[in-house]
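# Fold and geometry: a report
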Amino acid sequence: MRIDRRGFLRVLGGTLALASRSRAAAAEPRAPEIHSATANRRFGAAGARRPRRSSRLPDFKDYPGAAPLALPRAWSGPQRALADAVASGAAAEGFSGAPIALVQLARLLHCANGVTGAYGEGEAAIALRAAPSAGALYAGELYVAAERVEGLAPGLYYYAVAPHALLRLREGAFEAAIARALERPRALAGAAACVLLTNVFARYTWRYANRGYRYALIDSGHIGENLRLAALSAGLGEALALRFHDDALAELLGIDGREEAVCALHALGVVQAGASAPAERRFAERQDLPGAALSQSEHLTERYHEATKLVPVGEGVAPPAAEAAPAPRLASGAGAPPGLPGRSVEDAIARRRSPLEGFRADPISAEALRFVAAAAHGHAALARAPDVDLYLVAHRVEGLPPGLHRFDAQRGELLPLRRGALAGDLVRACGGQEMAGQAAAAFVMAARFAPARTRLGDRRYRDQLVEAGAIGERVYLAAEALDLAARNLAAFRDDRLDALLGLDSRRAGAVHLTVIGRET
Ligand SMILES: Cc1cc2nc3c(=O)[nH]c(=O)nc-3n(C[C@H](O)[C@H](O)[C@H](O)COP(=O)(O)O)c2cc1C
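These figures come from a predicted structure and were not determined experimentally. (Residues numbered from 1 in each chain as written. Predicted model: local features only at pLDDT ≥ 70, side-chain atom pairs only at ≥ 80, totals over all residues. Heavy atoms only, no water.)

### Examining the overall build of the chain
Here is the rule we go by: By the criteria applied, helices consist of DSSP H or I runs no shorter than four residues and strands consist of E runs no shorter than two, each listed in order from the N terminus. Throughout, exposure labels follow a simple rule: accessible area from a 1.4 Å probe, protein chains only, divided by the maximum for the residue type, with under 20% read as buried, over 50% as exposed, and the rest as partly exposed. The contact criterion used is simple: two residues touch if any of their non-hydrogen atoms lie within 4.5 Å. Shrake-Rupley sampling with a 1.4 Å probe provides the accessible areas, and residues are treated as covered by the protein chains on show and by no other component.
Scanning the chain for helices and strands turns up 16 helices and 21 strands. Evaluated residue by residue, the chain yields a buried proportion of 55% over its 520 residues. Taking as baseline every contact in the chain between residues at least 6 positions apart, the subset at least 24 positions apart corresponds to 80%. Summing over all exposed atoms, the chain offers an accessible surface of approximately 21600 Å²; the carbon and sulfur share of this is 53%.

### Focus on the pairing of strand β16 (residues 388-394)
The condition that has to hold: Here, any two strands with at least 2 DSSP bridges between them count as paired.
In terms of burial, β16 is largely enclosed, as seven of its seven residues are buried. By the alternation rule, side chains of β16 split into V388, L390, L392 and A394 and D389, Y391 and V393, which are all buried. In terms of strand pairing, β16 meets strand β17 (residues 403-408) through four bridges, oriented antiparallel. Each residue of the ladder has a partner; that of Y391, found in β17, is R406.

### A short note on the pattern of salt bridges
What counts here: Salt-bridge detection follows one rule: a side-chain nitrogen of Lys or Arg within 4 Å of a carboxyl oxygen of Asp or Glu.
All chains considered together, the criterion is met by 32 salt bridges. As a salt-bridge pair, D246 and R459 come within 2.9 Å of each other at their nearest N and O atoms. You can see D246 sitting in helix α8 (residues 246-253) and its partner R459 sitting in the loop between β19 (441-448) and α15 (460-481), a full 213 residues away along the chain. One exposure class covers both D246 and R459, and it is buried.

### A short note on the packing of aromatic side chains
Each aromatic ring pair is specified by the distance between its two centres and by the angle formed by the two planes. In plain terms, the rule: Each Phe, Tyr or Trp ring, with Trp reduced to its six-membered ring, pairs with another whose centre is within 6.5 Å; inter-plane angles below 30 degrees give stacked pairs, above 60 give edge-to-face pairs, and intermediate values give tilted ones. Two conditions define a charge located above a ring, namely a distance within 6 Å from the ring centre to NZ of Lys or CZ of Arg, and an angle within 35 degrees of the ring normal.
Counted under the stated rule, the structure contains eight aromatic pairs. For the pair Y208 and Y215, a centre-to-centre distance of 5.0 Å together with 80 degrees between the ring planes defines the contact as edge-to-face. No difference in accessibility class separates Y208 from Y215, as the two residues are buried. Of the aromatic side chains, those joined through ring pairs into one cluster are F201, Y213, Y304 and Y461. Positioned over the ring face of Y138 is R129, at 4.2 Å from the centre of the ring. Stacked on the ring of F244, the Lys or Arg R459 has its end atom at 5.0 Å from the ring centre.

### Points about the nonpolar core
Quick note on the threshold: Take the buried Ala, Val, Leu, Ile, Met, Phe, Trp, Tyr and Cys residues and link them wherever side-chain atoms come within 4.5 Å; each set so joined is a nonpolar core.
Core analysis: the biggest nonpolar cluster contains 129 residues, and F443, L513 and I516 have the highest contact counts within it. Each residue touching I516, except ones within four places of it in the same chain, is listed here: F359, I364, L369, V372, A439, A440, A441, F443, V475, A479, A485 and A486. The next biggest cluster of nonpolar side chains, apart from the first, holds 28 residues, and it includes A66, F95, Y143 and L265.

### Some thoughts on the site of the ligand
Filter applied, for reference: Think of it this way: one heavy atom of a residue within 4 Å of a molecule or strand is enough to make that residue near it. Side-chain atoms alone can form a polar contact between residues adjacent in sequence; in general such a contact is a pair of N or O atoms within 3.5 Å, and within protein one must be able to donate a hydrogen while the other accepts it.
The environment of the ligand is made up of 20 residues, and the closest members are R352, R353, S354, Q433 and R487. The separation between an oxygen atom of the ligand and a polar side-chain atom of R352 is 2.7 Å. Here an oxygen atom of the ligand and a backbone polar atom of A491 are 3.0 Å apart. In isolation the ligand has 620 Å² of accessible area, and contact with the protein removes 88% of it.

### What about the sheet that holds strand β9 (residues 155-160)?
Definition in use: Between N-to-C directions, angles span 0 to 180 degrees; the directions come from axes that are lines fitted to C-alpha atoms, helices contributing only their stretch in contact.
Taken together, the seven strands give an open sheet; going across it, the order is β3-β10-β9-β7-β11-β13-β12, and neighbouring strands pair in antiparallel fashion. Two strands close off the open sheet at either side, each with one partner strand: β3 (68-70) and β12 (237-241). Strand-to-strand twist of the sheet, defined as the mean angle between neighbouring strand axes without regard to direction, takes the value 30 degrees. As defined by bridge partners, strand β7 (residues 140-146) adjoins strand β11 (residues 193-200) across seven bridges and the pair is classed as antiparallel. Residue pairing for β11: L142 is matched across the bridge by L197. Along the sheet face, helix α7 (residues 211-233) touches β7, β11, β12 and β13 (260-269) and points at about 160 degrees away from the line of β11.

### Considering the sheet that holds β16
Here we have six strands laid out as an open sheet, ordered β18-β17-β16-β19-β21-β20, and antiparallel in their pairing. Each having just a single partner strand, β18 (413-419) and β20 (485-488) make up the two edges of the open sheet. Across the sheet, the axes of successive neighbouring strands diverge by a mean angle of 25 degrees, strand direction being ignored. As paired strands, β19 and strand β21 (residues 508-517) are joined by eight bridges and run antiparallel to one another. For F443, the partnering residue across the bridge sits in β21 and is T514. Along the sheet, α7 makes contact with β20 and β21, crossing β21 at roughly 55 degrees.

### Let's talk about the environment of L188
Summarising the element assignment, L188 is placed in the loop between α5 (175-180) and β11. Along the backbone, L188 and A239 are 51 residues apart, and their C-alpha atoms lie at a distance of 7.5 Å.

### Notes on the pairing of strand β5 (residues 115-119)
Across four bridges, the pairing between β5 and strand β6 (residues 126-129) is antiparallel. For G117, the partnering residue across the bridge sits in β6 and is L128. Between β5 and the antiparallel strand that follows it, β6, lie six residues; G120 among them carries a positive phi value of about 85 degrees.

### Let's talk about the layout of surface pockets
Keep this limit in mind: Detection works on a 1 Å grid of protein atoms alone, calling trapped sets that fit a 1.4 Å probe cavities and calling open sets with protein on both sides within 12 Å along at least five of seven lines pockets, with lining residues defined by an atom within 4 Å of a point. Grid points are joined across faces, edges and corners, and a volume is the space filled by probe spheres set on the points. Each residue gets one label: Ala, Val, Leu, Ile, Met, Phe, Trp, Tyr, Cys and Pro are nonpolar, Asp, Glu, Lys and Arg are charged, and the others, such as Gly, are polar.
If you add up the space inside the second largest pocket, you get close to 710 Å³. For the second largest pocket, the lining is made up of 29 residues, of which S133, A134, G135, A136 and R487 are closest to its centre. Put simply, the parts of the chain that give the lining of the second largest pocket at least two residues each are β5, β6, α7 and β20. Its residues assigned to classes, the lining of the second largest pocket comprises 17 nonpolar, seven polar and five charged.

### Focus: the packing of helix α4 (residues 102-113) against α7
Heads up, the rule is: Handedness of a helix crossing follows the sense of rotation of the near helix relative to the far helix, less than a right angle counterclockwise being left-handed and clockwise being right-handed.
Put simply, α4 and α7 touch, their axes get as near as 7 Å, and they point 145 degrees apart. Between α4 and α7 lies a crossing of right-handed hand. Contacts between α4 and α7 pair L108, C111, A112 and N113 from the former with I223, N226, L227, A230 and A231 from the latter. Along the lines of polarity and charge, the residues of the contact of α4 with α7 split into seven nonpolar, two polar and no charged.

### Some points on the side chain of Q287
Structurally, Q287 is set in the loop between β14 (284-285) and α9 (291-296). We classify Q287 as buried; its relative accessible area is 10%.

Quick look at the structure:
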C-alpha cells in the first residue's frame, strides 16, 4: 500500500492529536475506575455476574472434621458508655504480652458479628448479626489467630457464628508469620489475639453485581468498629491493620485471596502503657501485574482487588514518597445529652437493629443530633482514611433548619451548605427508598479521590470504604444509645446523590449513607 505525502501528514496529525488528547485526559481529575464500576446508575449496578444465581449462597463456611469449641456466653466484666469509648479511642501502640480470658475473646467476637436477632420464622428465618449487612447476606467472616488466650491452645480458628463456637484450623503460634505480612510488624507484638476479617465476595455480588464489592468493604468497617469499641469497653486495646501482604495472610488462612480475601486485621490485647508508635516499612501495590493476568479476570472488582494487593517492594508499584498528611480530627468528647439514656457499647450493639417499618415524622433534638454527629466524627487518631468527608442532610431536627451541611473536620462543626427541604431529593437519590425522607437526618460519607496513580484505582479506595463503614457503625450505635434508630441506605444512585451534595464526581463521590430517626 502506498501512502502519499499528504496522506502521511494526515495520519501523523491525527496520531499527534490523539496523543495530546489522551495526555490531557490523563492530567484531568477523574474518579478511579473501581468507583465508577461500582456505582448505581439509572439501569442498576455495573458488571452483573453471569449466570446470576437465583438464591443466596450459604451464610457460613463449612469445615468438616474441625471439632467446634463452644464459646462462653456469660459476661460480667467492665463496660463503658458508648460516648466514652468513642471519645477515648486512640489505637493501642503496643501490647503487654499479658493473656486475656476466653470469655473476653468470646464477648468480642459476639459483639463484632455474633447473632443478635432473627428475621422471619421457621426454616426461612435469617439469623441477624451484631453488625448490619447489605440485604442481610453477610459476606463477612471472622478468623482468630489466638496467641495468649487462657483456655485456648494457640492456633488459627474460624468463628462459627451460628453456634458461637471456634473451629480450629491449625495449631501453633502465628504471631511471627502475621507480623511478616504487616507494614507495622511490631504493632501486634504481645497481642493476645488477632482477628482477621475476610469477605466472601460472591455472597454480595450474585445479587448486587459490582456494587457488592463496595458493600463487602463497608461491612468490614461496620464489623471492625464493633470489635474495636467492644475491646475498649472491656478495658482492652485494639490496633487495626489495613495494609498487609494480602496473599501471605490468605495463604495462612487457607483461602484463595480472590473469592474470599482478608480485608482488615485487628490485634487485641492488654495495652502496654507508654509504648511508642511502632516503626513502619512500606509494601508496594501489585498494580503492574502483566496486563494479561489482569485482563484474564472477568470482573473489574476482582481485577481491582488483585491489583491493589500489597507485595514486597520491587514486585509492584512503590507507594508515593509522602501520602497527603491526614487532616486531624478533633476528639469528640461528647457525653450523652442530659435526660437521654447513655447506653454502654455492649448494650448498644445488642439492641442495634435497622427499623423494618420506617421512621416516625416527629423531629429529633439538636442535642441528640450533636451526640450522633460527634460519634460519627470519631476520634482524631482513628481515621482509617482521613479523606472521607461527612455530610448531613437534615430533615427534622429541632433548632436546625432543613438542608445540607458538611462537617468541618478541623473545627468539629457543622457548616451549612444549602438550606431547604431535601427529603424528596434524597428519596429520589436513594432510588425511591422512602425511609430516606422519613428519617430525621441522613449522614453521607463521601470519598475524596487523590489524583489516580492508576486507572483502576489505588488501595486507598479500599480504606475509604472501610472508614465509611466504621462511621456508619458509630452512627448506628450512637442512635441506639439514645433510643433512636438508624438504617444504612447505601443502594443510592451515585449521580443523583453526588449532585445533591454538590460534589464534582471526578474528584469525590458518596460511598455510604446512614439515616437516623425515631422508629415507628
Ligand atoms: C453496606 C450496606 C448497605 C445497605 N443498604 C441498604 C439499603 O439500601 N436499604 C435498606 O433498606 N437497608 C440497607 N442496609 C441495611 C440492611 O438491610 C440490614 O443491615 C440488614 O437487613 C440486617 O438487619 P439489621 O441491620 O437489623 O441487623 C444496608 C446495610 C449495609 C451494611
